[in-house]
Amino acid sequence: MQTTVHDPAIEDLLPSARPVQLIDPTGAEVTQTGTRRPYVMPDADRLQDVWRHMVIGRRFDLQATALTKQGRLAVYPSSRGQEACQVAAVRALTERDWMFPTYRESMALVSRGIDPVEVLTLLRGSAHCGYEPMTHRTAAQCTPLATQLVHAAGTAYGLKRRGEDSVALGFIGDGATSEGDFHEALNFAAVFDAPAIFFVQNNKYAISVPLAKQTKAPSLAYKGIGYGVASEQVDGNDPAAVLAVMDAALEHCRSGKGPFLVEAHTYRMDAHTNADDATRYRSGDEVCAWLDRDPIARLEAYLRSRGLLNDDQANAVRQEAEALASDLRDRMNADPVVDPMSLFDNVFQSATPQVEDARAMVVRELQAADEVTR
Amino acid sequence: MTTIDAPVRTSSLTFAKAINQALRDAMTENDDVLVFGEDVGTLGGVFRITDGLTRDFGEDRCFDTPLAESGIVGFAIGLCYNGFRPVVEMQFDAFAYPAFEQIASHVAKMHNRTAGNVTLPMVIRVPYAGGIGGVEHHCDSSEGYYAHTPGLKVYTPATPQDAYWMLREAIADPDPVIFMEPKVLYWSKADVDTETPSAPVGQAAVRRPGKEVTLVAYGPSLPVSLKAAEAAAEEGYDVEVVDLRSIVPLDDKSVMESVRRTGRCVVVSEAQGFAGVAGELASRIAERCFHSLAAPVLRVSGLPLPYPAPMLEHTYLPGVDRILDAIDRLQWDDEPFVGDNRG
């Protein structure tokens, strides 16, 4: 028996049957048919802004990968190929909105306006979080999977209670949709009508495990429906579509309709991290096929075909990206000064006697070491 | 001459009511204090600790959540970003385990991870330990997990007065606090002075002075230790009972002062003994009081077994006899030490 959904309350939640796309891989505009919600091409200046930040983001990502090879970073999870997701989602936010990133969102953090050196502090190993979360309204990069989504739900509810017209955006990958906290976050946000956007970058692999072994769901976007969360799936390599879907999600949240789930179909061009060997679990052909869906080239082709980007403008942005990479290289090549006593600074706001005892012991050790070297 | 009645400062309250009163007073003083968890709203909590809070403060201030402990704790973390001060209930000790990742990876570490930029002034209330005839998963002594996690404060009051004031302090504390409530004490009753604070958290209290043996106890082990001290007095031992009040921070100083005076020490803890808080205390005392000790420090604890079915819990729990036996083994007659096998 064939079942059809006719309940309007359920239809409001459903994602489009196919991922929303506004620009195809050749850079041509796609005529909208069959999407659940009306999506319109974002303004030219926003597309130009996203293209610029994607170019900068990719150059940053390549530089970070190079710094890893030079031993300057302990590890680096590249997001090359996921520029449309990370950049467009962030550029759709206002400064008043909150963001809850994972360890892979380095590019998103740079697009948020955070100093690239501060973005890499965690991965360099000189401290855990190099930037100030409260100042940037950006939580510390989160390593345990999906745990930050419940924080996003709580923060979103707090924003609503404070009467703020702000939204909390939480990022995760496809693998994290299997974690309990993903489900608890969606459920809490829905029950409390919290203005939270859950943005799943479905990049097809959780380290080495492909999506088919992660879930039997036809789309990760469908996971919102069971919780009463409006959902959408989008071509995650189409920056214009990501912007448009984010606009809809933000409008949904800001108008008091509760949370929103976005599944962005994208691909991780590099391995999980520099420590991973992706050739063990995926073919070169598969990777090459995704090269043809490059989000930067796609938007560039669209902008050029509309006269919205010329060589001079493109070169200027690429020079800006080079300057950022050069500056990042220089600053990352300086050995960071790490004060061992900073270990004890922020365990508690009022240190316990036990922490004070440990501090005194390290002071004695350092003094002894100092006397030996003198 | 007219007589003006002095304001009522002291009233007789159960331990449970004292916690309820602390929540009320904190919520009255600060609109940002939010109470939430499973069944804490209309029902008033399975132990009625939050009784009447929704009625009196509204559903915005005391509310029920979906049944998901990790979500409750993570949601509370998120609310801290907006300046709220959440007080969440975990319903029962073992029910908090699904939230352990949030507690260990985020609650304990957020302040440190963000170089002090993010503070989590939250309280996680955990009704804990046994002695109430509860079925499995309702009687765990889980304080060791929290105390072992740097970044968490762990309070465990043993009197209604402490229940009131330590919770007030926990809510006011900018650091996250795991507030361990011994369920067996919920119905104990005593005078509570809600205007004059007792000793601040971080200071242990001598609950019974004595000269010959120190019993170090906390939470559910305090009443049994006091009973044991009375029984020991009948056998001629003069026993001092020290109540830690908080495990983190730990008041080494008061414990050591007592043990140096008495020269003998038994640590009493309801949790199973292996790799636990009692072992930590015994070790610290041995390190710091070695030359004052007339006998090895002994531990009296729960058995190294899963918390048993209700009909067996009185065999499992450290009772007066087990404490008296330990006191007897403290080398009073220079006889060779007979070790126990509880570690």
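Residues numbered from 1 in each chain as written. Chains lettered and ligands numbered in written order. Predicted model: local features only at pLDDT ≥ 70, side-chain atom pairs only at ≥ 80, totals over all residues. Heavy atoms only, no water.

S.K.: Would you explain the overall build of chain A in this entry?
M.R.: A count of helices and strands for chain A gives 15 helices and seven strands. For a compact globule of 374 residues, the expected C-alpha radius of gyration is about 21 Å, and chain A comes in at 22 Å, within 12% of that figure. Along the three orthogonal principal directions, the C-alpha set of chain A runs to about 80 × 50 × 45 Å. Per-residue burial over chain A gives 52% buried out of 374 residues. When contacts within chain A are restricted to residue pairs at least 6 apart in sequence, those whose partners lie at least 24 apart make up 73%. A total accessible area of about 15900 Å² is found for chain A, and carbon and sulfur atoms account for 51% of it. Here chain A holds 38 positive side-chain charges and 51 negative ones, and the gap between their average locations is 2 Å. (Helix = DSSP H or I, 4+ residues; strand = E, 2+ residues; numbered from the N terminus. Rg over C-alpha atoms; globule rule 2.2 N^0.38 Å. Buried < 20%, exposed > 50% of the residue type's maximum accessible area, 1.4 Å probe, protein only. Contact = heavy atoms within 4.5 Å. Areas by Shrake-Rupley, 256 points an atom, 1.4 Å probe, with all protein chains shown as cover. Lys, Arg positive; Asp, Glu negative; His and termini not counted. Charge placed at Lys NZ, Arg CZ, Asp CG, Glu CD.)

S.K.: Can you walk me through the sheet that holds strand β1 (residues 98–100) of chain A in this structure?
M.R.: By definition, the strands of a sheet pair up through backbone hydrogen bonds, in either a parallel or an antiparallel sense. Residue and element names in this part refer to chain A. Reading across the sheet, the five strands line up as β1-β2-β3-β7-β6 and stay open at both edges, with parallel pairing between neighbours. The open sheet has two edge strands with one neighbour each: β1 and β6 (230–235). Looking at each pair of strands side by side, their axes are set apart by 20 degrees on average, direction ignored. Across the sheet, helix α3 (residues 83–91) lies against β1, β2 (168–173), β3 (196–202) and β7 (260–265), angled at about 175 degrees from β2, the strand it touches most. (Pairing = 2+ DSSP bridges. Axes fitted to C-alpha atoms, helices over the stretch in contact; angles between N-to-C directions.)

S.K.: Just checking my understanding: could you explain the pattern of salt bridges for this structure?
M.R.: Between side chains of opposite charge, a pair can form as their charged atoms come close. By the definition in use, this model includes 43 salt bridges over all chains. Salt-bridge contacts for R168 of chain B lead to D25 of chain B; the nearest nitrogen and oxygen are separated by 4.0 Å. Here the residue R168 of chain B occupies a position in helix α7 (residues 160–172), and D25 of chain B occupies one in helix α1 (residues 15–29), the gap between them amounting to 143 residues. Across the pair D31 of chain B and R61 of chain B runs a salt bridge, and its minimum N-O distance is 3.7 Å. Taken together, the positions of D31 of chain B in the loop between α1 and β2 (33–37) and R61 of chain B in the loop between α2 (53–57) and β3 (62–64) put the pair 30 residues apart, joining distant regions of the chain. By relative accessible area, which is 10% here, R61 of chain B ends up buried. Residues joined in a network through salt bridges with shared partners are E300, R304, D311 and R318 of chain A. (Salt bridge = Lys/Arg side-chain N within 4 Å of Asp/Glu carboxyl O.)

S.K.: Would you mind going over a negative patch on the surface with me for this structure?
M.R.: On the surface, a cluster of negative charge is contributed by D39, E59, D60 and D64 of chain B. Note on placement: D60 of chain B falls in the loop between α2 and β3. (Patch = residues over 30% accessible without salt bridge, like charges linked within 9 Å, V, L, I, M, F, W, Y side chains within 5 Å.)

S.K.: What is the right way to look at helix α13 (residues 295–305) of chain A in this model?
M.R.: Because an α-helix completes one turn every 3.6 residues, residues spaced three or four positions apart along the sequence face the same direction. All names here are of chain A. Regarding α13, the residues found buried are P295, I296, R298, L299, E300, Y302 and L303. Looking at the buried side of α13, the elements it contacts are α2 (44–69), α3, β6, α11 (239–254) and α14 (311–333). Between the side-chain oxygen of the N-cap and the backbone nitrogen of I296 there are 2.7 Å, and the N-cap of α13 in question is D294. Within two residues after α13, G307 carries a phi angle of roughly 75 degrees, on the positive side. (Polar contact = N/O pair within 3.5 Å; in protein donor to acceptor, adjacent residues only side chain to side chain.)

S.K.: In this structure, what is going on with the nonpolar core? I would like to understand it.
M.R.: It is characteristic of soluble globular proteins that their nonpolar side chains tend to be buried jointly. Core analysis: the biggest nonpolar cluster contains 88 residues, and F36, V73, M90, M122, I124 and I285 of chain B have the highest contact counts within it. Beyond its immediate sequence surroundings of up to four residues, I285 of chain B is in contact with V216, V255, M256, V259, C265, V267, F290, L293 and V297 of chain B. Core analysis: the second largest hydrophobic core is formed by 68 residues, A89, L169, A241 and A264 of chain A among them. (Core = buried A, V, L, I, M, F, W, Y, C linked by side-chain atoms within 4.5 Å.)

S.K.: Whenever I open this one, the UniProt feature "domain: Transketolase-like pyrimidine-binding" (unreviewed entry) in chain B confuses me. Can you help?
M.R.: Under the feature "domain: Transketolase-like pyrimidine-binding" (unreviewed entry), the UniProt entry names residues 13–188 of chain B. End C-alpha atoms of residues 13–188 of chain B are separated by 8 Å, and the span's content is 35% helix alongside 17% strand. (UniProt positions renumbered as here; feature names shortened; annotations may be inferred.)

S.K.: Please explain the sheet that holds strand β5 (residues 123–128) of chain B as it appears in this structure.
M.R.: All names here are of chain B. In space, the seven strands of this open sheet follow the order β3-β2-β4-β5-β7-β6-β12, with mixed pairing throughout. Looking at the sheet topology across the chains shown, the edges are occupied by β3 and β12 (246–248). The average angle at which neighbouring strand axes cross in this sheet is 20 degrees, direction not considered. Across three bridges, the pairing between β2 and β3 is parallel. Note on β3: the bridge partner recorded for V35 is C62. α1 rests against β2, β3, β4 (85–89), β5 and β7 (177–182) of the sheet, and its axis sits at about 135 degrees to β2.

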